[in-house]
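What the coordinates show
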Amino acid sequence: MWDTLWVDANLATMREGAAPYGEIKRGAVAAKDGRIAWAGYAADLPGHAVDLAREVRRCENAWITPGLVDCHTHLVFGGNRAREFEMRSQGASYEEIARDGGGIVSTVAATRAASKEELVESAAKRLAGLTREGVTTVEIKSGYGLDLETEIKMLEAAGDLAALGEVRVKRTFLGLHALPPEFKDDRAAYVQLVADVMIPVIASEGLADAVDAFCENIGFTAEEVDYVFSAARDNGLAIKLHAEQLSNQHGAELAARYGALSADHLEHLDESGIAAMAANCTVAVLLPGAFHFLRETKLPPIEAMRAAGVRMAVASDCNPGTSPMTSPLAALNMACTLFRLTPEEALAGITREGARALGILDDVGALEVGKACDLAVWDIGAPAELSYWLGAPLLKERVFAGRVV
Ligand code: NIG
Ligand code: FE
């Protein structure tokens, strides 16, 4: 006997190699103990729905997709940067603001000043924006503390969000996000602190699954990132990288050489970066929200990545500076309109490929027996509508670990 059975539904399973979207019209999905126990054509169910599950939910022809996987966010932070948004509207650039001591460093001050409870409270509101549009797994980065105490506070706040029991949370330590003001005359000392002190503590306390860095002329050099990545590897943490966002630092190649799960942003990625990512199965995480907010004009090399077989994920990059966006569906729309992904690629990007970019494809990201029963049930007539509408209330029901939440 299953716990719950969803019927009168169409499935976009997002399984590979099948029909577009892994589509199953007139399908059904069953949950048992939080996992998918059955998924397929309703006509193939091994009996009458009411005899098969304790609860039968009729979906009135809705579409069911895997719960969305937002694989790149900075959801936990203090304050916001609306003032900086105004400055940008008067002509200041992101880089100028950062060099002037604004940007990431101003969020660092607000995050250091906030209590863990305040961080949880403000992030929970942003998380509600994501879950309202079907997110069931979210990655959350630290990186607005830049000292061990505040980085731990941020990662614990992310853990507290997970403990609310409404989403899966993967945590990423982003020590090399910006140079903290107190180290402005000694970059090397900060890089060493991150690699030799922070990473071992964070790894041994199980506070993060991965390490990320901001490889950029206003961030850290490839050499500095290399030093920190080797500490990540030695401490058993996965690797991700903010790469080639504003300029080409050949960060994606470096990340790929470390077997990184993903390289993210990638507007300035070149052919050698693409080849390295393809060879190492490093996922390209596309962040059209940041592209949009920065009014960027250089597009990531989508066509070349597609041709090389690089997997592409799509994420919100929700952060106070470059992507104050809590809508995964807006990210899908922008991935299609700005980056020219197909709606199918975009949806795969925020389900299956997002899961791959987090190293959890065995567990989530597609409607497959054995995976967690994380579902989004949508009031739409075709899956392309998820990328097409902007701002429409499409979600009918969200299911986390088999429970309707
Ligand atoms: O993903 N590029 C670096 N990190 C963020 C921006 C962070 C910020 O400006 O606060 C990003 O775009
Ligand atoms: Fe980011």
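The text that follows walks through the structure, step by step, so that each part is easy to find. Computed from a predicted structure; not experimentally measured.

1. Looking at the packing of helix H6 (residues 148-163) against helix H7 (residues 187-204)
Each pair of packed helices can be summarised by the angle the axes make with each other and by the distance between the axes. One way to put it is that H6 packs onto H7 with a least axis distance of 11 Å and a crossing angle of 30°. Classed by the angle they form, the pair H6 and H7 counts as roughly parallel. The interaxial crossing formed by H6 with H7 has right-handed handedness. Facing Leu148, Glu151, Ile152 and Leu155 of H6, the residues of H7 in contact are Met198, Val201 and Ile202. In terms of residue class, the contact of H6 with H7 is made up of six nonpolar, no polar and one charged.

2. Concerning the sheet that holds strand E10 (residues 262-265)
The eight strands are arranged E5-E6-E7-E8-E9-E10-E11-E12 in an open sheet whose pairing can be described as parallel. With partners counted over all chains shown, the strands left at the sheet margins are strand E5 (68-70) and strand E12 (312-314), one partner each. On average, each strand axis in the sheet is tilted by 25° relative to the strand beside it, whichever way the strands run. Taken together, the five bridges between strand E6 (residues 135-141) and strand E7 (residues 168-176) define a ladder with parallel strand orientation. From the neighbouring strand, Val138 faces E7, where its bridge partner is Val169.

3. Brief notes about the site of ligand 1
In the vicinity of ligand 1, 15 residues are found, and the nearest of them are Arg81, Tyr94, Tyr144, Asp317 and Thr322. Contact between ligand 1 and His177: a nitrogen atom at 2.9 Å from a side-chain N or O atom of the residue. A distance of 3.0 Å is found between a nitrogen atom of ligand 1 and a side-chain nitrogen or oxygen belonging to Gln245. In the complex, the protein chains occlude 100% of the 330 Å² of accessible area that ligand 1 would expose alone. When its residues are assigned to classes, the shell around ligand 1 shows four nonpolar, nine polar and two charged.

4. Re the pattern of salt bridges
Applying the stated criterion across every chain, the model contains 29 salt bridges. The closest approach of N and O atoms between Glu84 and Arg81, which form a salt bridge, is 2.8 Å. Owing to a relative accessible area of 6%, Glu84 belongs among the buried residues under this scheme. Close ionic contact of Arg112 with Glu182 constitutes a salt bridge, the shortest N to O distance being 2.9 Å. Placement of Arg112 in helix H4 (residues 104-113) and of Glu182 in the loop between E7 and H7 is noted, with a sequence separation of 70 residues between them. For Glu182, a relative accessible area of 46% translates into the label partly exposed. Members of the salt-bridge network, linked through shared partners, are Glu16, Arg311, Arg352, Glu353 and Arg356.

Analysis parameters
Residues numbered from 1 in each chain as written. Chains lettered and ligands numbered in written order. Predicted model: local features only at pLDDT ≥ 70, side-chain atom pairs only at ≥ 80, totals over all residues. Heavy atoms only, no water. Axes fitted to C-alpha atoms, helices over the stretch in contact; angles between N-to-C directions. Helix = DSSP H or I, 4+ residues; strand = E, 2+ residues; numbered from the N terminus. Parallel < 35°, antiparallel > 145°, perpendicular 65-115°, else oblique. Left-handed = near helix turned anticlockwise from the far one by under 90°. Contact = heavy atoms within 4.5 Å. Nonpolar A, V, L, I, M, F, W, Y, C, P; charged D, E, K, R; others polar. Pairing = 2+ DSSP bridges. Near = heavy atom within 4 Å. Polar contact = N/O pair within 3.5 Å; in protein donor to acceptor, adjacent residues only side chain to side chain. Areas by Shrake-Rupley, 256 points an atom, 1.4 Å probe, with all protein chains shown as cover. Salt bridge = Lys/Arg side-chain N within 4 Å of Asp/Glu carboxyl O. Buried < 20%, exposed > 50% of the residue type's maximum accessible area, 1.4 Å probe, protein only.

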